[in-house]
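# Geometric and topological summary
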Amino acid sequence: MFWHMTGLSAASPVESVLDKENFTLEELFDEEEIIQECKALNSRLINFLRDRAQVKQMLHYIVEDPPEDSEKRRAYKFPFVACEIFTCEIDVILKTLVEDEELMNLLFSFLEPNRSHCTLLAGYFSKVVVCLMLRKTIPLMNYVQAHQEIFGRLVDLIGITSIMEVLVRLVGADDHMYTNFTDVMQWLADTNLLEMIADKLSPSNSPEVHANAAETLCAITRNSSSALAAKISTPSFVGRIFGHALEHAPSRSSLVHSLSVCISLLDPRRAALAPPGHLIRGQHLFDPPFSANPETVSGMLLKLGDLLMLLNVSSDESVLPTTYGELCPPLGKHRLKIVEFIAVLLRTGSDIAEKELVSSGAIHRILDLFFEFPFNNSLHHHVESIIMSCLESKNSTLIDHLFKECDLIGKVLSADKNPTLSSDTNGPTMPAPGRPSPRIGNIGHLTRMANKLVQLGNSNSQVQAYLQENGEWIEWHANVLLKRNTVENVYQWTCGRPSSLQDRMRDSDEDDIRDRDYDVAALANNLSQAFRYGMYENDDGEEVHGSLDRDEEDVYFDDDSAEVVISSLRLGDDQENGCLFTNSNWFAFQDDRIVDEPLSTSQPSRMEEINLNGTEGTVNSGGSSSSDDEVVVGEDEELLDTANSSERRSLSWVTENGLSNGRDPSSLTANLEKAGTSDVSLFGSDQCEGETSGVRSPVDWVAWQGELGKGGKAFFCT
């Protein structure tokens, strides 16, 4: 059971089984509550399960395939329950396992080649071994060191993701689990473990094996302080990886995943599955420059020429139909990965890499791919990253190459003048016959690159010189680019998000809510209470009175809805008066009805009467000082019952004749004395009578503090 209360809960079915004289492990496993009883540290149950015979039987459930004629509970339930009992991390049960070498041999017998290696059982095996790593680290590593064939068997089964996770843990991707981490990593580096994993990148293996082998190597590179990471960064090991990547094979899976390892070697912080860039409010942000091991970079540059040959699409005869036409051939994952690798290589800032990329013509060829595949957004992002790295480089040769040999400005202007896909070109992207040619999809990237050129031209004299000597660029910048930037500036649009909103770089509107001084939870509660009281109902007294008797679950205006309303109201905070309810007329009442006249936002006197400072007070006849205008609630409990009715009527009259109509607060005293409060009620006579008779508690008044252009107070009922 999940919990027990002495004398109230029934005995657990597990206890009933334990009370028998002769019972079996299968009988216990049939009970649904056995896992909960283990987590509750049932002493009788644990003393039974810690026995060597029971631990051995549980291991059989995990590592051995069930007989063909067995029941479903033997095939599915028993292995699951056995795994969960081990992962409850009960020390005496784990101790029985790790201290018995025969039981450990039984556990790791799952890796033997003659096993079927069911993926379901592989998952259970992985969970048990990882649990031992966390709780019995030293005994487990001692066993592995004494049986080094375990690593070879793990590598052979690396195509199974659960086995790959065990291998990643063993090679020290999580160094916190080893007390003697340095010694263990040095021992692993002295073995041939890394070579065995790298050889799994051979094209003769399946794509699943390539992916898991690459993930294991990437996990090692992220721990740069280990001896394994130092070994994998050597030029000889990099050459071993490229040797498998460039082997000729029908599938390019080996090349793609080998380049993923090389990218991780250059930038270990780069997540393997992360998107190439991210957007914040429409601004594309790229990874900052970083440094890399010069020996690693040199080892990669040796194979750069072979990689560039694969970027030539002329010899590829494959055809891919698309919605806009045909790709003859498509770019492919392997070419895209090569471009990404070169983009990361440039961000290292290595002078050797920049010189080699210029001399080999890699940047020129990649820029041509940008225009040959105008609908490949992933390619456009990587090419844009390459252009940005070249422009921000301190190497003048790289900038000259970009403007002269690559003719960056000319290609940008030419593409912008002819923004539709041409059918006359011999490029790989062809429009569909018989239909209008579509607009190319890289105009946005071209615009961003052009804006980057203008920005750098203000601080870089070399870039400025290239821009000024091109008259066509100057004309295009003045007549096209500036107008386009104005049109595409979403913060100047008259619809949607207000253009004057200052907080433009937030991830969500919720951040804006949290940073303000408004007590959103209290305000949402007050709005919800307001709807429960029927403040916005019509004049039908029965309908208003009936709203008081509704159950909590029947209230359709909940706190979440109130918060949405509040956040929308605050979009007007940047206006002159800064009132919280600038665009709202909800809280101006006149005889239980919404005042029909619009609430003006241009009267400074209106905001001088409102102060959202979070204090409570009462309206006095003085009206000139802040202390005289405060509404004091609950200071004297003896006077509360007699003062409630008149106080509410006074505040209602103030709302009607003072705050909601923009009148001078200094005139409130005379108006109150003249008009009286006998016939004025904010909620109506029926509601006031109901409250005093116990149907509802007396109305409290809460004030909120906000960012107002001119201070004041606003009070709302709870």
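Read on for a plain summary of the structure. These numbers come from a predicted model, not from an experiment.

### What to know about the overall build of the protein
Each helix and strand counted, the protein has 37 helices and nine strands in total. For the protein, buried positions account for 46% of its 718 residues. The long-range share in the protein, meaning contacts at least 24 apart out of those at least 6 apart in sequence, stands at 67%. By element, 49% of the accessible surface of the protein is carried by carbon and sulfur atoms, the whole surface being about 35300 Å².

### Notes on the sheet that holds strand S5 (residues 429-431)
Pairing within the open sheet is antiparallel, and its three strands lie in the order S3-S4-S5. The open sheet has two free edges, formed respectively by strand S3 (320-321) and S5, since each of these has just one partner strand. Here two bridges tie S3 to strand S4 (residues 325-327), and the two strands are oriented antiparallel to one another. Across the sheet, the residue bridging to Leu 320 is Leu 327, located in S4.

### Comments concerning the packing of aromatic side chains
In this structure the tally under the stated criterion is 13 aromatic pairs. On the numbers, 5.8 Å between centres and 50 degrees between planes, the contact of Phe 29 with Tyr 61 is tilted. Of this pair, Phe 29 sits in helix H2 (residues 25-30) while Tyr 61 sits in helix H5 (residues 52-63), and the two are 32 residues apart along the sequence. Residue Tyr 61 is classed as buried on the basis of its relative accessible area of 2%. A ring pair is formed by Phe 110 and Phe 125, whose centres lie 5.2 Å apart and whose planes are at 25 degrees; its orientation type is stacked. Of this pair, Phe 110 sits in the loop between helix H8 (101-108) and helix H9 (119-135) while Phe 125 sits in helix H9, and the two are 15 residues apart along the sequence. An aromatic cluster is defined as three or more aromatic residues linked by ring pairs; in this entry it consists of Phe 108, Phe 110, Phe 125 and Tyr 143.

### A closer look at the environment of Ile 366
Positionally, Ile 366 belongs in helix H23 (residues 362-372). For the pair Ile 366 and Leu 311, spaced 55 residues apart in sequence, the C-alpha separation works out to 8.1 Å.

About the thresholds
- Residues numbered from 1 in each chain as written.
- Predicted model: local features only at pLDDT ≥ 70, side-chain atom pairs only at ≥ 80, totals over all residues.
- Heavy atoms only, no water.
- Helix = DSSP H or I, 4+ residues; strand = E, 2+ residues; numbered from the N terminus.
- Buried < 20%, exposed > 50% of the residue type's maximum accessible area, 1.4 Å probe, protein only.
- Contact = heavy atoms within 4.5 Å.
- Areas by Shrake-Rupley, 256 points an atom, 1.4 Å probe, with all protein chains shown as cover.
- Pairing = 2+ DSSP bridges.
- Phe/Tyr/Trp six-rings, centres within 6.5 Å; stacked < 30°, edge-to-face > 60°.

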